[in-house]
Each structure stands twice: as structure tokens, then as C-alpha cells.
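This is what each chain is made of:
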Amino acid sequence: MDAKHIITAMPKVELHLHLEGSFPLESLFNLINKYGGSPDIQNVEDLKQKFEFTDLTHFIETWNWKNQFYQSPNDIEEMAYSTIINLASKNIVYAEVFFSPWDFVKSEMPFNLVIEAVISGVRCAKQESPINISLIADLVRNLGHQTAMKRLNEITMYRDNVIGIGLGGNEEAFPAEWFSDVFIEAKRRGFHTVAHAGEAVGANSIWSALKYLQAERIGHGVRAIEDPVLLNYLKEKQTPLEICITSNLKLKVLSSLAIHPVRKLFDKGILITINSDDPTMFGSDLNDEFLLLFDEYNFTIPEIQQLTKNAITASFADEPLKTQLRLIHEEFWNKTNYC
Ligand SMILES: [Zn+2]
């Protein structure tokens, strides 16, 4: 098998992707038509074009535009279901998926109906596919500390179905330190913790996520490359970074593939993992991200194997599931010849 076939076929683990940015295009197209269609969207190709955006503001506008079509719990359930089935079709065997149910809450669709629809869609997909999924609730920075605490309280009711909490959103305007007590309390309640940091803001934001949020993993973290002391710290502690290359380019965190530090971070011995962030929005799934490593950054197949092992180690899966994932990984590589 050549590299592309191996990457497609290999069992993969993804730790950083957002449910609301990972739906199959066909399912959104069907949903738009269910609600009367949109003049500029005549087919799936138009939808693909719609997800070509110019900057972060345009990205957020497009994100909100597509969210308006999810108008009932059934729509949410179908989104969760079709997304997970699609991940399984890419040979992803385990994923930790961010979701933010509050994006869809309105008077006629309260929080409990939204989250129960997500949980139900995920459960149905898991029954039909060889994939394990854990949900991480993204509290989102942009509405401030009080809202984050309120959201933590709401999500705690569903602790059995939600493995951790995350903190996405505007990293610059809403620094990690504002959310310290929310994260400490979340830990006390048994949630794992992860925070987006070192994406829009530099290394200081990563230090803050480690210090004030006690984040177990860092979402993105690419700008750790700007601080040698931080790099040594991350290496020593083996704090995982969730690297999302295409996302960084599309959101202009980095100006070109050539300057992305993924190779340097790996060579330095940082525990990096490879992820797609919002595969539908960015037009690149986990297979594409691994192929980029091979084509653009000279990662070898054994190094790509190591990245999957990293993802298993960095995951919030319990030990029996980690053992199971390592077995699936080993079985695949034992029977695969690379040429
Ligand atoms: Zn993200």
C-alpha cells in the first residue's frame, strides 16, 4: 500500500474537532431544503463554495448562518448521528468531540432537549459503527465568566455523558485567568479539562491555560514555538498539544504551510496530536491532515504511527479503552506492508 492508502485505512484517533463544524455537507444540504431552501444553495457544490471564507469574521458569520437551519431536536440528533457515522467511515475509531449545545438553545428548544438530542444521535451512531465517542462541552469564553459557570452547572446534570469541558472562543478578549474557578470547580466535579490557547494569542495564553485552568491538554498551542522555556516545560510534562494545521492556515494564524511548526514541535519531543478542528468548514478531514504531514513535512510512516500512539496516550479514555485502542492500532500495523 502507498502512503495515501495506509493513512486512509489506518485506525485513527481524533481529539480536537467540533461537532458543529464536522457535519457531512449532504446532511446540511438536505436540512436547508427541508426549511424551504436558500437561493444561493442549489446543490452540495454551492455549499462547499459557501464554506470558503476570507477571514475570521467571515468564518463566524458562516458558522452562525448554518446554525440557523437546526430548528428542532430531530435536526440536532440527525447532525450528531450523521457526523459520527461520517467519522467512522474515515476509520476514526475514537474521537473526543467538542460541542456547544447553547448555540442552538431558543425558547422553543430548551437546553435539555438540545443536549439530549446530541447524546441520542451519538448513541445511535455508536450502535451502528465501530467507533467510540466522548463528548467535551465547550463553555465558550465570549459570554464571560458568569455564563461559563452557569453552563458548567447545566452540563453537570449530564456528567455521565460528558467527559470534559473546553474553552473555545475569543482568546484575546477573554483570557484564561477569568475562568479559573470554573475550571477548578469542573475538575472537582470529575470533568477533564482542555482549553484552546496559543492560537490567536502567543505563548502567554498557553502559560495562563496551564496555570489558571490546569488544562490537561492545549487546543492548538502552535504558538508555544515562540517560547523556548514553555517548549521545555511542555516536553518535560508531556502536556499534549492538539495541532490542527489546515485550521491554522484558514484562520490566518499562520501565513503558509512552510512556516507551520508541526515538524519542529514533533522533533523537539512535544506530545503533539493531529486533528481537523472543523473538517467541513475547513474542507480537510483527519486523513487530509495526515497526508499533509507526509507530503509537506516529510513525516515518515513510523512517525505517523507514533502520532496515533500520542493521540491514544493524550486522550481522556479510561485505561481499558486505551488498551483496546492500542490493540486495534497494533493489529493494523502488524498486517500492513508499506511500500
Ligand atoms: Zn477548535
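The structure we're discussing is the one just above.
The model shown is predicted, which means the values in this text are computed figures rather than measured ones. For every chain, the first residue of the written sequence is number 1, and numbering continues from 1 along that sequence. Only residues with pLDDT of at least 70 get local features here, since the model is predicted, and only at 80 or more are side-chain atom pairs given and counted; chain-wide, interface and lining totals rely on the full set of residues. With hydrogens and water set aside, each side-chain value is computed from the structure's full complement of heavy atoms.

## Some words on the overall build of the protein chain
Now for step 1: Along the backbone of the protein chain there are 16 helices and eight strands.
Now for step 2: Note that the radius of gyration is over C-alpha atoms, with the globule rule given as 2.2 Å times the number of residues to the power 0.38. A globule of 339 residues ought to have a C-alpha radius of gyration of about 20 Å, and the protein chain, at 19 Å, matches this closely.
Now for step 3: When its C-alpha atoms are laid out on the principal axes, the protein chain stretches across 50 × 45 × 40 Å.
Now for step 4: When the 339 residues of the protein chain are sorted by exposure, 56% land in the buried category.
Now for step 5: Contacts in the protein chain between residues far apart in sequence, at least 24 positions, make up 75% of those at least 6 positions apart.
Now for step 6: Only the protein chains shown count as covering a residue, and every accessible area follows the Shrake-Rupley method with a 1.4 Å probe. Roughly 14400 Å² of accessible area belongs to the protein chain as shown, and the carbon and sulfur atoms make up 51% of that amount.
Now for step 7: Mean positive and mean negative side-chain charge positions of the protein chain (31 and 45 charges, respectively) differ by 4 Å. Strands are runs of DSSP state E lasting at least 2 residues, helices are runs of H or I lasting at least 4, and numbering of each runs from the N terminus. Per-residue accessibility, obtained with a 1.4 Å probe over protein chains only, is compared with the maximum for each type, and a residue is labelled buried under 20%, exposed over 50%, and partly exposed between these values. Contact definition: two residues touch when any of their heavy atoms are within 4.5 Å. In this tally Asp and Glu are treated as negative and Lys and Arg as positive; neither His nor the chain ends contributes. Lys charges are placed at NZ, Arg charges at CZ, Asp charges at CG and Glu charges at CD.

## Digging into the coordination of the zinc ion
Now for step 1: Only nitrogen, oxygen and sulfur atoms qualify as donors, and only when within 2.8 Å of the metal (3.2 Å in the case of Na, K and Ca); with water excluded, sites may look incomplete. Within the protein, the zinc ion binds to His16 (NE2), His18 (NE2), His196 (NE2) and Asp277 (OD); these donor distances fall in the range 2.1 to 2.3 Å.
Now for step 2: Metal sites are grouped by the angles between bound donors: all angles between 85 and 135 degrees with four donors is tetrahedral, opposite donors over 155 degrees apart with the others between 65 and 115 is square planar for four donors and octahedral for six, and any other pattern is irregular. If you look at the zinc ion, its four donor atoms make angles of 83 to 170° with each other, and the shape they trace is irregular.
Now for step 3: Site description for the zinc ion: donor spacing in sequence, H-x1-H-x177-H-x80-D. With histidine 196 in strand β5 (residues 192-197) and aspartate 277 in the loop between β8 (272-274) and α13 (279-282), this pair connects stretches of sequence that are 81 residues apart.

## Comments concerning the packing of helix α5 (residues 73-89) against helix α6 (residues 111-128)
Now for step 1: The angle between two axes is taken between their N-to-C directions and runs from 0 to 180 degrees, where each axis is a line fitted to C-alpha atoms and a helix contributes only its stretch in contact. Running from N to C, α5 and α6 point in directions that differ by 35°, and their axes come no closer than 7 Å. Judged by the sense of rotation from one axis to the other, the crossing of α5 with α6 is right-handed. Residues Pro73, Ile76, Glu77, Ala80, Tyr81, Ile84 and Ile85 of α5 form the contact with α6, whose own contacting residues are Leu113, Val114, Ala117, Val118, Ser120, Gly121, Val122, Cys124, Ala125 and Glu128.
Now for step 2: Residue polarity is assigned by list, with Asp, Glu, Lys and Arg as charged and Ala, Val, Leu, Ile, Met, Phe, Trp, Tyr, Cys and Pro as nonpolar; anything else, Gly included, falls into the polar class. Tallied by class, the residues present in the contact of α5 with α6 amount to 13 nonpolar, two polar and two charged. What makes a crossing left-handed is the near helix being turned counterclockwise from the far one by less than a right angle; a clockwise turn instead makes it right-handed.

## Observations concerning the pairing of strand β4 (residues 162-166)
Now for step 1: Counting buried positions along β4 yields five of five residues, so the element is predominantly enclosed.
Now for step 2: Note that strand β3 (residues 132-138) and β4 share four bridges and pair parallel. Counterpart to leucine 135 in the pairing with β4 is valine 162.
Now for step 3: By convention a crossover is right-handed if, when the strands point away from the viewer, the path from the first strand over the helix to the second runs clockwise. In this fold, the crossover linking β3 to β4 by way of helix α7 (residues 144-156) has right-handed handedness.
Now for step 4: For two strands to be treated as a pair, DSSP must find no fewer than two bridges joining them. Relative to β5, β4 is paired through two bridges, and the arrangement is parallel. Directly across from glycine 164, in β5, lies its bridge partner histidine 192.
Now for step 5: Taking the sense of rotation as the criterion, the β-α-β connection linking β4, helix α8 (residues 180-188) and β5 turns out right-handed.

## Focus on the environment of glycine 144
Now for step 1: Assignment of secondary structure puts glycine 144 in helix α7.
Now for step 2: Put simply, glycine 144 and phenylalanine 179 are 35 residues apart on the chain and 8.1 Å apart in space, counted from C-alpha to C-alpha.
Now for step 3: Residue contacts for glycine 144: discarding those within four places in its chain leaves Phe174 and Phe179.

## Side note on unusual backbone geometry
Now for step 1: Although it is not a glycine, glutamine 238 sits at a positive phi angle of roughly 55°.
Now for step 2: Among the secondary structure elements, glutamine 238 is positioned in the loop between α10 (228-237) and β7 (241-243).
Now for step 3: Judged by relative accessible area, glutamine 238 falls into the partly exposed class, the value being 36%.

## Describing the packing of α7 against α8
Now for step 1: Remark: α7 packs on α8, axes separated minimally by 9 Å, with the N-to-C direction vectors making an angle of 15°. The angle between α7 and α8 places the two elements in the roughly parallel class. Crossing of α7 over α8 shows right-handed handedness. Contact with α7, carried on its side by His145, Ala148, Met149 and Leu152, involves Asp181, Val182, Glu185 and Ala186 of α8 and no other residues of that element. Oblique is the label for any angle not under 35 degrees, not over 145, and not in the 65 to 115 range, which are roughly parallel, roughly antiparallel and roughly perpendicular in turn.

## Things to note about the pattern of salt bridges
Now for step 1: Any carboxyl oxygen of Asp or Glu within 4 Å of a side-chain nitrogen of Lys or Arg constitutes a salt bridge here. Counted according to the given criterion, the structure contains 11 salt bridges.
Now for step 2: Among the salt bridges present, the one from lysine 34 reaches aspartate 75, with a minimum N-O distance of 2.6 Å. Remark: aspartate 75 occurs in helix α5 and lysine 34 occurs in helix α2 (residues 25-34); sequence separation between them is 41 residues.
Now for step 3: Assessed through its relative accessible area of 3%, aspartate 75 is described here as buried.
Now for step 4: Between aspartate 285 and lysine 90 there is a salt bridge, with the nearest N and O atoms lying 3.1 Å from each other. With a gap of 195 residues between them, aspartate 285 in the loop between α13 and α14 (286-296) and lysine 90 in the loop between α5 and β2 (92-99) connect regions that are remote in the sequence.
Now for step 5: By relative accessible area, which is 17% here, aspartate 285 ends up buried.
Now for step 6: One salt-bridge network, held together by shared partners, links Glu96, Arg217 and Glu242.

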